[in-house]
Amino acid sequence: MTNQFSLEGKVALITGASYGIGFSIASALGKAGAKIVFNDLKQEFVDKGVAAYKEIGLEVNGYVCDVTNEDQVNSMVKQIEKEVGVIDILVNNAGIIKRIPMIEMSADEFRQVIDVDLNAPFIVAKAVIPNMIKKGAGKIINICSMMSELGRETVSAYAAAKGGLKMLTRNIASEYGEYNIQCNGIGPGYIATPQTAPLREKQADGSRHPFDSFIIAKTPAARWGNPEDLAGPAVFLASEASNFVNGHVLYVDGGILAYIGKQP
Ligand code: NAP
Ligand code: GCO
C-alpha cells in the first residue's frame, strides 16, 4: 500500500516560516518528504531560519519577500520555479496581529492587518494557482484562527481578516476544485509563539497573566497549544490523504470551539 501521507517529490512554499507555527508546519512537511521553500521579511530571519532547518536535517531554500507586495511575490514564485520547481503546496502562514480597542485603532492600522492576513494570502494563492492548474493538482492551506469564528476585545482587524480568510478558503475551493486543487484552512487555537507571548507574560508578582489563566480555563485540553500540534493536520491537508477534503477549516484548538466554558 502506498503511503497516502508521503509528500515525496513535492515542493512546498510556507510563508513567514523562519520560526513559530510556520517553522513547525514546514518542518513537518519536510520530514514527510517535501522540498521546503519559505520566505520572511528580512535576510537576517531567513538566514536564522535556514540554519534552524539545517539543525533538524532539512536543506531548505529561503527568500526575502514581503507577502503584501504583489511584485515581490510574483518574482519570488518565478525564482522558486526556476531554482526548485513548480509549487505543489502553498501554506499561507505569514500573519500579524494588533491588539488595539477598535475605537482607538486608526484606519491605517486596520488596513495593515487586513493587508498581511487577508490580501497577502490572495496575492500568493493567485501567483501559484495557474501552474497548479497546468499540473492538474495543488494544495493550499490558509492559516486561519479562533477569530475566524469568534470575536474578542481589541482584535477587530484580525478577526475581520481571519473571518475573511475562511471565506477566501471556501471560495478558492469553489472556484478551482474542478482542477484538482484543494484549498483548506487550519484554525489553530491559542498556540505558544512570539505572537502570543504578550498574553502569557508573568505578572510582577510571578503569577500567571490573567489571559493565560483565561485560556487554560477556556480550553478543554487545559493547556496552550504548541506549534508541533499543527504538524499532523498540516501533513494531512498537504497530502493525497485529503484529496476529497475541500473548503474545510480544520480547527486544532484543544476543544475551545466545542466548549461553553467552566461554570462559575
Ligand atoms: P509569529 O510568531 O508572529 O510569526 C509570524 C511570521 O510571519 C513571522 O516569521 C513574520 O516575519 C512573518 N510575517 C509577518 N508579516 C509578513 C510579511 N508581510 N511578509 C512576510 N512574512 C511576514 O506568528 P505565529 O504565532 O507563528 O503565527 C503564524 C500564523 O498563525 C499567523 O497567520 C497567525 O495569525 C496564525 N495564528 C496564530 C495563533 C497563535 O496562537 N500563535 C493562533 C491562530 C492563528 P518577521 O519575523 O519578519 O516578523
Ligand atoms: C488574541 C490572539 C489570537 C490568537 C489566535 C487564536 O489576541 O486573541 O493573538 O487571536 O493568536 O489567532 O486562534
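Parameters and conventions
Residues numbered from 1 in each chain as written. Chains lettered and ligands numbered in written order. Predicted model: local features only at pLDDT ≥ 70, side-chain atom pairs only at ≥ 80, totals over all residues. Heavy atoms only, no water. Near = heavy atom within 4 Å. Polar contact = N/O pair within 3.5 Å; in protein donor to acceptor, adjacent residues only side chain to side chain. Areas by Shrake-Rupley, 256 points an atom, 1.4 Å probe, with all protein chains shown as cover. Nonpolar A, V, L, I, M, F, W, Y, C, P; charged D, E, K, R; others polar. 1 Å grid on protein atoms, 1.4 Å probe; cavity = no way out; pocket = protein on both sides within 12 Å on 5 of 7 lines; lining within 4 Å. Sits in = over half its atoms within 2 Å of the grid points. Helix = DSSP H or I, 4+ residues; strand = E, 2+ residues; numbered from the N terminus.

Asker: For the site of ligand 2, give the residues involved together with the corresponding values.
Answerer: Close to ligand 2 lie 14 residues; Arg99, Ser145, Tyr158, Tyr190 and Gln195 are nearest. At 2.8 Å, a backbone N or O of Met146 approaches an oxygen atom of ligand 2. With respect to ligand 2, the backbone of Gly189 contributes an N or O atom lying 3.3 Å from an oxygen atom. Surface burial for ligand 2 is 96%, taken as the share of its 330 Å² of free accessible area covered by protein chains. For the shell around ligand 2, the per-class residue count stands at eight nonpolar, four polar and two charged.

Asker: I'd like a rundown of the site of ligand 1, residues and numbers included.
Answerer: Residues in contact with ligand 1 amount to 28 residues; listed here are only the nearest, Tyr19, Asp40, Asn93, Tyr158 and Thr193. In the environment of ligand 1, an oxygen atom lies 2.9 Å from a nitrogen or oxygen atom belonging to the backbone of Ile21. Ile191 places a main-chain nitrogen or oxygen 2.8 Å from an oxygen atom of ligand 1. When ligand 1 is considered free in solution it has 900 Å² of accessible area, and contact with the protein chains removes 92% of it. One can see that ligand 1 is located within the largest pocket. Of all the elements in the fold, those that place two or more residues in the shell around ligand 1 are helix H1 (20-31), strand E2 (35-40) and helix H5 (156-176). Across the shell around ligand 1, the residue classes break down as 16 nonpolar, nine polar and three charged.

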